[in-house]
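Observations on the three-dimensional arrangement
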Amino acid sequence: MSVAEQNAARSSDTARARHRLLDVRKLTKHYPITEGLLRREVARVRAVDDVTFHVDTGETLGLVGESGCGKTSTGRCLLRAIDPTSGEMVFDYGDGRVVDIAKLEGRALKDLRKDMQMVFQDPFSSLNPRWTLLDLVGEPLVAFRVAKGRELEDRVAELLRRVGLRPEYLRRYPHAFSGGERQRISIARALALNPRLVVADEPVSALDVSVRAQTLNLLEDLQQELGLTYIFISHDLSVVQHICDRVVVMYVGQVVEVADTSSLFFTPKHPYTEALLSAVPKPDPDLASSRIVLKGEVADPSNVPKGCAFHPRCPYAVDHCRQVEPKLETLGDGRQVRCHRAHELSLSGVE
Amino acid sequence: MQNQTVPSDSPLLELRDLRTGFALREGYVKAVDGASFSVARGETIGVVGESGCGKSITARTILRIAGTNDSELGGEALFRRRTRDGRPGEVVDLLKLAPNGREIRSIRGAEIAMIFQEPMTAFSPVHTIGNQIIEAIQLHHPVSKDEARATAIDMLRRVEMSNAERRIDAYPHQLSGGMRQRAMIAMALVCRPQLLLADEPTTALDVTTQAQILALIRQLKAELGMSVMMITHDLGVVAETAQNVAVMYLGKVVEYADVRALFHDPKHPYTQALLASIPKLGREAGARLHPVKGMVPSPFNRPRGCPFNTRCPKAMPGVCDVDMPGPTTIKPGHTVSCFLYGAGDTRTEAAQ
Ligand SMILES: Nc1ncnc2c1ncn2[C@@H]1O[C@H](COP(=O)(O)OP(=O)(O)OP(=O)(O)O)[C@@H](O)[C@H]1O
Ligand SMILES: Nc1ncnc2c1ncn2[C@@H]1O[C@H](COP(=O)(O)OP(=O)(O)OP(=O)(O)O)[C@@H](O)[C@H]1O
Ligand code: SF4
Ligand SMILES: [Mg+2]
Ligand SMILES: [Mg+2]
């Protein structure tokens, strides 16, 4: 089947009703901190701590939060680039096959790569400098014996065209490309096997404003054409608001709020979300002054504060917050929030 | 303004037709190609533009650390020095100073300081941050090590580093990104410079840490009465910190305006395109983004005429691809180099 035929098949595939593609339940990833020759465990980094969320086909789910809150670790667990400590990640192929990614092994795990791919933050270090574009983009096709020789070249040329690179570049090395072009190369590589789900880890953070706009447009176009589902990891909230349908906010390894994008941005329910939104520098000198500057540093995931993990930095914290850990609660309208005071607080979002 | 002895229109730094090039095997790169603007006392000027437009090299040329030889420098960088008792002193052309001579070394770090996007470039990994800050102090001031250490701790406290007495003995890698950035700012400001060149100081940081660092720079700027050159491609950061903005494209300043005019009434098609390319937070979110068309031309292969003509939606064939527009004053304090607004003041003057 040619790429075009496959795509046509895929589009009719997605024409079917949306379904729950991925259900993440109580996902946990702890990194042990060891000491001494015997590598005795002295503490644990609770990088991902009891994380629950889902992704439906065709949507873009944002994963946001400060540096070190566990976004990348979550993404890497989903692809089993690292093994989770516990939890389930139920993936529904939509054709009757439903698997728990956490339990996959061997052949079945390898097969997962056909349907799930990752695009990395750094377009400079994530591509092997000694490989040509043909090697880089064609590698998954070769690994899965999908194509070789002439057909491989055609497929790679088609993929390059798809992401807006000239097919003539097939034999060039990545150093000859700019940051934005390299990011396109990694996107082409991620798309080679026609995945259903793409986990994009800060895909535009290292890019210039204009190249960033090109790349975001490209991701949107590809989603339309190929019916892709994205998990979009970012700490840039203006980008997240632009591209995501729903957003999961994380703080020190935990989900603190889940909502559709406009609810989250206009009427945040968690004080941390409010603080994040207010911290974004606004490209308008008349709006620039009204910010809450969040005091203090992100909590240490190997030494999470008692009670609500956010309480030392929260302007609304009361005694109860310092003692008792809030649970992720589902509100009437289906939004989820982890805050004792979510019902009584009236927080401000973006204008 | 703060200082009666100097007229308020006397700038701290004035760049006149600044040029910096690199002679490479592949050709000659005009990294800065005739940039002119000035920085007033106590002012924050934003310098924005896409990657490679010459922002960093402009700052590095001012400090004479761009790594070019003198034949590749042109124009003037007039800087008003400070006398020993802290009053405005003589004006020197930084470009005329020997790049490693006594005078530039007495300016560098003491009167003009620079902070970088990646704090690891400012710190050596094998010395504690404390020893590096102490060394910076002792380079310019004849004080004992203990006195310098006390000053360093005081400065670390001012950049809101908690546990400054303890953290002064940390190595750079032992600090988080935000803390390293604070330590670098402390090192840059410890000699109370008149001018701070801040090269993408928050680009690598989270929004929350970024907000903290920007607030810190603003507060220290007010306390020390210094001027800041804020180099960034984040227009949000510029809107938030700068009073005036220089927009650079291929080594040239294509528009210069106060921050409100620049954001609400941009004149140069490049500035307009840059503003249209950013996702905006708020009601308009989700609308299709409009990236600047095409790519920044290769530095070896600059287009003839207006540097932006190959990507400009309003380019006029036969005009823009032939001649270079000079700066035209739209209103006092707002200049633009674009044929849509005339051929440029200097040209008309020359023609008269
Ligand atoms: N291999 C590892 N061993 C020990 N700790 C780790 C490891 N990888 C990550 N961590 C820690 O786990 C926490 C979460 O890291 P992670 O990279 O998932 O965060 P992130 O949200 O992606 O941050 P960033 O925005 O900086 O990329 C951090 O405290 C990090 O230091
Ligand atoms: N040491 C060097 N030798 C040769 N060319 C250089 C050197 N340093 C910079 N350049 C070139 O000079 C031009 C301006 O570079 P500069 O670093 O000032 O850009 P910039 O505006 O700071 O970009 P960015 O946003 O990516 O930091 C670029 O074309 C760059 O490739
Ligand atoms: S639970 Fe308390 S401390 Fe935590 S976010 Fe809500 S109000 Fe703040
Ligand atoms: Mg990460
Ligand atoms: Mg730079």
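Residues numbered from 1 in each chain as written. Chains lettered and ligands numbered in written order. Predicted model: local features only at pLDDT ≥ 70, side-chain atom pairs only at ≥ 80, totals over all residues. Heavy atoms only, no water.

Along the chain, Asp199(B) turns up in strand β7 (residues 195–199). Arg60(B) provides the closest opposite charge to the buried, unpaired Asp199(B), separated from it by 5.2 Å. (Helix = DSSP H or I, 4+ residues; strand = E, 2+ residues; numbered from the N terminus. Buried < 20%, exposed > 50% of the residue type's maximum accessible area, 1.4 Å probe, protein only. Lys, Arg positive; Asp, Glu negative; His and termini not counted. Salt bridge = Lys/Arg side-chain N within 4 Å of Asp/Glu carboxyl O.)

Here we take up the environment of Glu111(B). All names here are of chain B. Along the polypeptide, Glu 111 turns up in the loop between α2 (102–107) and β6 (112–115). A sequence separation of 59 residues divides Glu 111 from Gly 52, and the C-alpha atoms of the two residues are 27 Å apart. Leave out the neighbours within four places in its chain, and Glu 111 touches Phe 79, Arg 81, Arg 82, Ser 106, Pro 193, Gln 194 and Leu 195. (Contact = heavy atoms within 4.5 Å.)

Let's shift gears to the sheet that holds strand β1 (residues 20–35) of chain A. Residue and element names in this part refer to chain A. In space, the four strands of this open sheet follow the order β2-β1-β4-β5, with antiparallel pairing throughout. The open sheet is flanked by β2 (40–56) and β5 (98–100), the only strands paired with a single partner. For this sheet, the mean inter-axis angle between neighbouring strands, taken without regard to orientation, is 20°. In the sheet, β1 pairs with β2 via 12 bridges, with the strands oriented antiparallel. Considered in β2, the bridge of Thr 34 is made with Glu 41. (Pairing = 2+ DSSP bridges. Axes fitted to C-alpha atoms, helices over the stretch in contact; angles between N-to-C directions.)

Another aspect to go through is the UniProt feature "domain: ABC transporter" (unreviewed entry) in chain B. As recorded in UniProt, the sites labelled "domain: ABC transporter" (unreviewed entry) are residues 13–275 of chain B. The span residues 13–275 of chain B carries 37% helix and 28% strand; its end-to-end C-alpha distance comes to 28 Å. (UniProt positions renumbered as here; feature names shortened; annotations may be inferred.)

Here we take up the site of ligand 3. Neighbouring ligand 3 are His270(A), Pro271(A), Cys308(A), Phe310(A), His311(A), Cys314(A), Tyr316(A), Ala317(A), Cys321(A), Cys339(A), His340(A) and Arg341(A). Of the residues belonging to the shell around ligand 3, the class tally is eight nonpolar, three polar and one charged. (Near = heavy atom within 4 Å. Nonpolar A, V, L, I, M, F, W, Y, C, P; charged D, E, K, R; others polar.)

At the junction of the two partners, chain A supplies 42 residues and chain B supplies 42 residues. A combined buried area of about 3,600 Å² lies between chain A and chain B, and 58% of that area is made up of carbon and sulfur atoms. Of all residues in chain A, the largest losses of buried area upon contact with chain B belong to Val209(A), Pro283(A) and Pro285(A), amounting jointly to 17% of the total for that side. Run the count over chain A and chain B and you get three salt bridges. (Buried area = accessible area lost by both parts, 1.4 Å probe.)

Residue and element names in this part refer to chain A. Taken together, 13 residues lie around ligand 1, and Ser 67, Gly 68, Lys 71, Thr 72 and Ser 73 are the ones closest in. At 3.2 Å, a backbone N or O of Cys 69 approaches an oxygen atom of ligand 1. Contact between ligand 1 and Gly 70: an oxygen atom at 3.0 Å from a main-chain N or O atom of the residue. Alone, ligand 1 offers 640 Å² of accessible surface; in the complex the protein occludes 62% of this. Those elements giving two or more residues to the shell around ligand 1 turn out to be β2 and α2 (71–78). The element that contributes the greatest number of residues to the shell around ligand 1 is α2, accounting for three residues. When the residues that make up the shell around ligand 1 are grouped by side-chain class, the tally is five nonpolar, five polar and three charged. (Polar contact = N/O pair within 3.5 Å; in protein donor to acceptor, adjacent residues only side chain to side chain. Areas by Shrake-Rupley, 256 points an atom, 1.4 Å probe, with all protein chains shown as cover.)

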